Amino acid sequence: MKNVNKNEFIDIYTLKILNEIKESVKRNIILDKDREKEIDKKMLSLLKNLSNKNSNKKQLGIKKNNNYNSIFMFGDYNNEELKLTLVLYYTALYYDSVDLLKDLIKENVKFKDDNYINLQYLDKAIYSKFDRKEYINMIKQCGIIFKNFTESIERLSKEEKEQYIERFENIIRSKFDLIKETLKDRNLFVKYALTKENLDKFTDETYMHATKKQLSLIDRCRYANFSEQTKQRLNNLLQTHNYERYFCNFDLIFSVYTDEQLMELTPDIARAIDEYSMDKKGLDKIIDFVQKRPDLSRIVLIIPKETFFENDNYSLIEHCDYCIKNSCSLKELQYVSNSIKRKTKLKKTLGIYKKVYNK
């Protein structure tokens, strides 16, 4: 029977561990193939040394009763902190940022976030633009902004990345205090305000003028597709009118409202219009509704879309008025009763609505 080759086993075992480390790394960042091979060699060498308990006792000063004595050979690799440290170290080697990793750990920066590891903090292309202390302070308070920005540009060429990084650097320096405050506000969204998608829509001047609510509006535009004309108009609104209202379809809204009309919309009316303006037909219907009864803009949001589009606006108004007068429960807003529809039909026949709404 062939003798067991210890070194052969260690080779296989450490290769398995390396693959697990890289699996975690690749869930969070994209690796360059050539650089990946280079770091693999360094990590394999490290893992083999750690796996040899006899040589490591003296080298690492490990006592016999220490849990990290022969860490891998006896299953301690399952220690979550050890796994995380190996993933971080691999990434730091990859980005040539081991010294930064040490400083971030000294400052107790949290890398683990739910199912994600914020390896983007170690990207040298980003952190090299900042003073070390300044960068660590920003990461501690606005790390999610850096993470999301870095993720958004990771598939770009080196030249394209540099252009976005330069813009990001200028904006984050200028707006850092405001972004920090906005992140603390539970009613506002800003985590994706500086991603590539939004940098493509909004100019640096817009960011420099932005208030907390405007940064939140920008954040929500991440997945929106605007025409070039809409981009220009929205940027101008943000810069010159202190505009703060978000709509899921700015192209459609801008085709109907002037800048002055948009500024006059109340929050309730704006929310109602946004809720039902999936297309031109829906927009026309909700605009007609809020023009007739702007006081019902909040309660109409409780009505399901299906109910809203199945009934004419007069029936909806009668229904809302009835529910308000009789203190109906929310369930009673889920449909318009036949008695309300008959009442509406009679009023239409008698021309009452024309007199009330001047139509």
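Residues numbered from 1 in each chain as written. Predicted model: local features only at pLDDT ≥ 70, side-chain atom pairs only at ≥ 80, totals over all residues. Heavy atoms only, no water.

**Q** Explain the overall build of the chain here, please?
**A** Each helix and strand in the chain was counted, giving 20 helices and two strands. Residues counted as buried form 45% of the 359 residues belonging to the chain. A total accessible area of about 20700 Å² is found for the chain, and carbon and sulfur atoms account for 48% of it. (Helix = DSSP H or I, 4+ residues; strand = E, 2+ residues; numbered from the N terminus. Buried < 20%, exposed > 50% of the residue type's maximum accessible area, 1.4 Å probe, protein only. Areas by Shrake-Rupley, 256 points an atom, 1.4 Å probe, with all protein chains shown as cover.)

**Q** What should I look at first to understand the state of the cysteines in this one?
**A** Put plainly, two cysteines are in a disulfide when a covalent bond ties their sulfur atoms together. This model, assessed by the stated rule, comprises zero disulfides. Counting only cysteine sulfurs, Cys323 is the nearest neighbor of Cys320, a cysteine outside any disulfide, at a range of 6.8 Å. According to the relative accessible area criterion, Cys320 is buried, its value standing at 0%. (Disulfide = S-S within 2.5 Å.)

**Q** What's the story with the side chain of Asn311 in this structure? I'm lost.
**A** Here Asn311 lies in the loop between helix H17 (305–310) and helix H18 (313–325). We classify Asn311 as buried; its relative accessible area is 8%. In terms of polar contacts, Asn311 uses its side chain to reach the backbone carbonyl oxygen of Thr307, at 2.8 Å. Those residues in contact with Asn311 that lie beyond four places of it in its chain are Lys285, Leu316, Val336 and Lys341. (Polar contact = N/O pair within 3.5 Å; in protein donor to acceptor, adjacent residues only side chain to side chain. Contact = heavy atoms within 4.5 Å.)

**Q** Explanation requested: the pattern of salt bridges in the structure shown.
**A** Close approach of charged atoms lets side chains of opposite charge pair. The final tally for this structure, using the stated rule, is 27 salt bridges. For Glu36, the salt bridge is made with Lys22, and the minimal N-O distance between the two is 2.7 Å. Of the two residues, Glu36 is situated in helix H2 (residues 33–51) and Lys22 in helix H1 (residues 6–26); the sequence distance between them amounts to 14 residues. No difference in accessibility class separates Glu36 from Lys22, as the two residues are buried. Among the charged side chains, a salt-bridge network with shared partners connects Lys22, Lys26, Glu36 and Asp40. (Salt bridge = Lys/Arg side-chain N within 4 Å of Asp/Glu carboxyl O.)

**Q** Could you clarify how one ought to interpret helix H19 (residues 338–350) in this entry?
**A** Every α-helix carries 3.6 residues per turn, so stepping three or four residues along brings you back to the same face. In a regular helix each residue adds 1.5 Å, so 13 residues correspond to 18 Å; H19 covers 19 Å between its end C-alpha atoms and thus fits that length. Positive backbone phi, approximately 75 degrees, marks Gly351, located one or two places after H19. (Expected span 1.5 Å × (residues − 1).)

**Q** I tried to follow helix H16 (residues 280–292) on my own but got confused; where do I start?
**A** The terminal C-alpha atoms of H16 lie 18 Å apart, and with 13 residues this matches the ideal 18 Å at 1.5 Å per residue to within 8%. Residues Gly282, Leu283, Lys285, Ile286, Ile287, Asp288, Phe289, Val290 and Lys292 constitute the buried set of H16. On the buried face of H16, the contacting elements are helix H13 (250–254), helix H15 (267–276), H17, H18 and helix H20 (352–357). For H16, the side-chain oxygen to backbone nitrogen distance between the N-cap and Lys281 is 3.3 Å, and the N-cap itself is Asp279.

**Q** Just to check I follow, could you spell out the packing of aromatic side chains for this structure?
**A** We describe a pair of aromatic rings using the distance from one ring centre to the other and the angle between the two ring planes. Counting across every chain of the model gives 16 aromatic pairs. When the ring of Tyr127 is compared with that of Tyr135, the centres are 5.9 Å apart and the planes differ by 50 degrees; the resulting orientation is tilted. Classification of Tyr127 by relative accessible area gives buried; the value is 8%. Geometrically, the ring pair formed by Tyr276 and Phe308 is stacked, given 4.0 Å between the ring centres and 20 degrees between the ring planes. Of this pair, Tyr276 sits in helix H15 while Phe308 is found in helix H17, placing the two residues 32 residues apart along the sequence. By relative accessible area, which is 0% here, Tyr276 ends up buried. Each member of the aromatic cluster is reached from another via a ring pair, and the members are Tyr127, Phe130, Tyr135, Phe146, Phe149 and Phe168. In this structure, Lys147 is placed above the aromatic ring of Tyr116, and the distance from its NZ or CZ to the ring centre is 5.2 Å. Directly above the aromatic system of Phe254 lies the positively charged group of Arg233, at a separation of 4.2 Å from the ring centroid. (Phe/Tyr/Trp six-rings, centres within 6.5 Å; stacked < 30°, edge-to-face > 60°. Lys NZ or Arg CZ within 6 Å of the ring centre and 35° of its normal.)

**Q** Help me understand a nonpolar patch on the surface in this model?
**A** Taken together, the side chains of Leu346, Leu350, Ile352 and Val356 define a hydrophobic patch exposed on the protein surface, amounting to about 370 Å² of accessible area. Taken together, the elements giving at least two residues each to the nonpolar patch come down to H19 and H20. Within the fold, Leu350 resides in helix H19. Leu350 gets classed as exposed once you look at its relative accessible area, which sits at 54%. (Patch = residues over 30% accessible without salt bridge, like charges linked within 9 Å, V, L, I, M, F, W, Y side chains within 5 Å.)

**Q** Please explain the packing of H2 against helix H4 (residues 80–95) as it appears in this structure.
**A** Packed helix pairs are characterised by how far apart their axes lie and by the angle those axes make with each other. Two elements in contact, H2 and H4, have axes separated by 9 Å at closest approach and are oriented at 135 degrees. For the element pair H2 / H4, the angle class is oblique. H2 and H4 meet at a crossing whose hand is right-handed. When H2 is examined against H4, the residues Arg35, Glu36, Ile39, Asp40, Lys42, Met43, Leu46 and Leu47 are found in contact with a partner set consisting of Leu86, Tyr89, Tyr90, Leu93 and Tyr94. For the contact of H2 with H4, the residue count by class is nine nonpolar, no polar and four charged. (Axes fitted to C-alpha atoms, helices over the stretch in contact; angles between N-to-C directions. Parallel < 35°, antiparallel > 145°, perpendicular 65-115°, else oblique. Left-handed = near helix turned anticlockwise from the far one by under 90°. Nonpolar A, V, L, I, M, F, W, Y, C, P; charged D, E, K, R; others polar.)

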